[in-house]
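Letter by letter, the chains look like this.
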Amino acid sequence: MPQQQTMCPGCAEPLDPEDDYCGACGLNVTGDAPTATAAPAEQPVTVTAPTAAAAPLCVHCGAAEVAADGYCESCGGAQPRPRDHQEQEVEGVAGVTDRGLRHHRNEDAFTVAATRLPDGEPAVLAVVCDGVSSSARPDEASATAVEAASAHLLTALRRGRRPDQAMREAIGEAARAVAELATDGFDTPGGSRNAPACTYVSAISAAGLVTIGWVGDTRAYWIPDDRESAVAYRLTEDDSWAARVVAIGLMDEAEAYADPRAHAITGWLGADAEEIEPHTVSFTPHVPGVLLVCTDGLWNYAEAAADLAERVRPDARTEPLAAARSLVEFAVGAGGHDNITVAVLPISPAPEATLRTVPLQSATAGAAPLRSSQTLQLHRPGSGS
């Protein structure tokens, strides 16, 4: 015998005798107090829309007309992107990057990090890369190189790898990662057909030893605290047209760097690099100071080590982030024609280290940088030899 059906009093849908709720509208048909009640199907239900987020205001004109592409529809001004200005600081190292005034995006990338060696000694590092503007996706190239190199350096140092070995391996990892961008299937609409590329510099400070590695024209400088009796020094040698003509004696340094071809690089990371030649140099500082690693957005305005040292705050070793900020501000104030990135690594040698020293040549505008794999011991004048 079929079960007798009734109808829902709310929506007139047929109900079976054992039904407690209408399957169509959800109404409780038992007469018990409901735990939840749905509105009958034929009755209107009011839905409150979520409150819309306030429209961002243009940083140039203040209008609330910033489009999804990051430009103001009122004045046309580009809005800041996350990479336009970034700062990082960990114990023992700090860095700052800025888009500058002329470029529409920041194609530099950097990171600073700290770890410990297997024996517990602290180690800090900085990696700075400058995207090659004539290549495709230069901002991705620099960020990719920084990520690959820093990950390898941190792992290698924790496992007890020698800093110079870790440095060369990290450059190789960065080179491979950037080269892979050329075949990842992503195009650059209306952009360069050249493979993504960047230059590279990194520094490690661990157990009293500083190690630098580079490819291209990103640089590292040694800046002592005492700049009257000690000297600043450039630690890297550019892979560039200017450096090459100086090396073979065709021009002096001042003449070469004034030439329009000066910044044409001869070494970079990327799929179309003919041969990657990583450079490394290690030295033991015996006086307090800071190590600067930077892109040409800074050193274009103070190329010689002595000139750059004049722009470094006297308290750079104790206030590295403030020192990095002030150098970026200097470059922006001088014109900001390029992206600017600076990392500052404070160096505080143990007191007994000053007892074993060798002379250091004076840093002048024409002084040659250290050669690859050369070891240098910085000294305090008058402390012996």
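Here goes a summary of the coordinates provided. Keep in mind that this is a model prediction, so the values were computed, not measured. (Residues numbered from 1 in each chain as written. Predicted model: local features only at pLDDT ≥ 70, side-chain atom pairs only at ≥ 80, totals over all residues. Heavy atoms only, no water.)

This brings us to the side chain of His 103. Tracing the sequence through the fold places His 103 in the loop between strand 4 (93-98) and strand 5 (108-116). A polar contact of 3.5 Å, which involves the side chain of His 103, links it to the side chain of Asp 338. Setting aside its immediate chain neighbours within four residues, His 103 contacts Ser 133, His 337, Asp 338 and Asn 339. (Helix = DSSP H or I, 4+ residues; strand = E, 2+ residues; numbered from the N terminus. Polar contact = N/O pair within 3.5 Å; in protein donor to acceptor, adjacent residues only side chain to side chain. Contact = heavy atoms within 4.5 Å.)

What follows concerns the environment of Asp 164. Following the sequence through the fold, Asp 164 ends up in helix 2 (residues 163-180). In this structure Asp 164 comes out as partly exposed when scored by relative accessible area, which is 24%. Linking Asp 164 and Thr 280, residues 116 residues apart in sequence, is a C-alpha distance of 6.9 Å. Residues within four places of Asp 164 in sequence aside, it is in contact with Thr 211 and Ser 282. (Buried < 20%, exposed > 50% of the residue type's maximum accessible area, 1.4 Å probe, protein only.)

Now for a negative patch on the surface. Among the surface-exposed residues, Asp 272, Glu 274, Glu 275 and Glu 277 lie close enough to one another that they form a single negatively charged patch. With respect to the secondary-structure elements, Glu 274 resides in the loop between strand 11 (269-270) and strand 12 (279-284). With relative accessibility at 81%, the residue Glu 274 sits in the exposed group. (Patch = residues over 30% accessible without salt bridge, like charges linked within 9 Å, V, L, I, M, F, W, Y side chains within 5 Å. Areas by Shrake-Rupley, 256 points an atom, 1.4 Å probe, with all protein chains shown as cover. Salt bridge = Lys/Arg side-chain N within 4 Å of Asp/Glu carboxyl O. Lys, Arg positive; Asp, Glu negative; His and termini not counted. Charge placed at Lys NZ, Arg CZ, Asp CG, Glu CD.)

With that settled, consider the sheet that holds strand 10 (residues 233-234). Pairing is antiparallel in the open sheet, where 6 strands are placed in the order 3-4-14-13-9-10. In this open sheet, the two edge strands, each paired with only one partner strand, are strand 3 (85-90) and strand 10. Relative to strand 10, strand 9 (residues 219-224) runs antiparallel, the two sharing 2 bridges. Looking at the pairing, Tyr 221 lines up with Arg 234 of strand 10. (Pairing = 2+ DSSP bridges.)

Here the focus is the environment of Asp 259. As for its position among the elements, Asp 259 is in the loop between helix 4 (253-258) and strand 11. Spatially, the C-alpha atom of Asp 259 lies 9.6 Å from that of Trp 241, the residues being 18 residues apart in sequence. In this view, Asp 259 contacts Trp 241 and Met 251; residues no more than four positions away in its chain are not counted. A distance of 2.8 Å separates the side chain of Asp 259 from the backbone nitrogen of Arg 261, its partner in a polar contact.

What follows covers the side chain of Asp 217. If you trace the backbone, Asp 217 turns up in the loop between strand 8 (209-215) and strand 9. Put simply, Asp 217 is tucked away with no salt bridge, and the nearest opposite charge, on Arg 219, sits 7.1 Å away. Those residues within four positions of Asp 217 in sequence are excluded, and the remaining contacts are Thr 199, Asp 238, His 263, Ile 265, Asp 296 and Trp 299.

Further remarks concern the pairing of strand 6 (residues 122-131). Taking burial as the measure, the 10 residues of strand 6 include 9 buried ones, the bulk of the element. Alignment of strand 5 against strand 6, held across 9 bridges, turns out to be antiparallel. Looking at strand 6, one finds that Arg 116 is bridged to Pro 122. Between the end of strand 5 and the start of strand 6, which pair antiparallel, lie 5 residues, with Gly 120 showing a positive phi angle near 95 degrees.

With that out of the way, let us pick up unusual backbone geometry. Positive phi is not limited to glycine here, since Arg 137 has a value of about 45 degrees. Of note, Arg 137 is situated in the loop between strand 6 and helix 1 (138-158). Positive phi outside glycine occurs at Ala 207, with the angle close to 55 degrees. Topologically, Ala 207 is positioned in the loop between strand 7 (197-206) and strand 8. We classify Ala 207 as exposed; its relative accessible area is 53%.

Once that is clear, we can look at the packing of helix 1 against helix 2. At their nearest, the axes of helix 1 and helix 2 sit 8 Å apart, and the two run at 150 degrees to each other. Seen along the crossing, helix 1 lies across helix 2 with a hand that is right-handed. On helix 2, the residues touching Ala 141, Thr 144, Ala 145, Ala 148, Ala 149, His 152, Leu 153, Ala 156 and Leu 157 of helix 1 are Pro 163, Ala 166, Met 167, Glu 169, Ala 170, Glu 173, Ala 174, Ala 177 and Val 178. By residue class, the composition of the contact of helix 1 with helix 2 is 14 nonpolar, 2 polar and 2 charged. (Axes fitted to C-alpha atoms, helices over the stretch in contact; angles between N-to-C directions. Left-handed = near helix turned anticlockwise from the far one by under 90°. Nonpolar A, V, L, I, M, F, W, Y, C, P; charged D, E, K, R; others polar.)

Of the strand pairs in this sheet, strand 3 and strand 4 are connected by 6 bridges, and their pairing is antiparallel. Its bridge partner being in strand 4, Glu 89 is matched across the sheet by Ala 94. Hairpin connection between strand 3 and strand 4: a loop of 2 residues separates the two successive antiparallel strands, and Gly 92 in this loop has a positive phi of roughly 100 degrees.

What follows is about the packing of aromatic side chains. Following the criterion strictly, the structure yields 3 aromatic pairs and no others. Ring geometry for Tyr 301 versus Phe 330: centroids 6.5 Å apart, planes at 80 degrees, classification edge-to-face. Of the two residues, Tyr 301 sits in the loop between helix 5 (296-299) and helix 6 (305-310) while Phe 330 sits in helix 7 (residues 320-333), which places them 29 residues apart along the sequence. For Tyr 301, a relative accessible area of 25% corresponds to the partly exposed category. Accessibility expressed as a relative area gives 16% for Phe 330, which makes it buried. (Phe/Tyr/Trp six-rings, centres within 6.5 Å; stacked < 30°, edge-to-face > 60°.)

Roughly 400 Å³ of volume is contained in the second largest pocket. What lines the second largest pocket is a set of 20 residues, among which Asp 239, Arg 244, Thr 266, Gly 267 and Glu 277 lie closest to the centre. Looking at the lining of the second largest pocket, the elements with two or more residues in it are strand 8 and helix 3 (241-247). Considering each element in turn, the lining of the second largest pocket owes the most residues, 3 residues, to helix 3. Residues of the lining of the second largest pocket, tallied by class, amount to 7 nonpolar, 5 polar and 8 charged. (1 Å grid on protein atoms, 1.4 Å probe; cavity = no way out; pocket = protein on both sides within 12 Å on 5 of 7 lines; lining within 4 Å. Points joined across faces, edges and corners; volume = space filled by probe spheres on them.)

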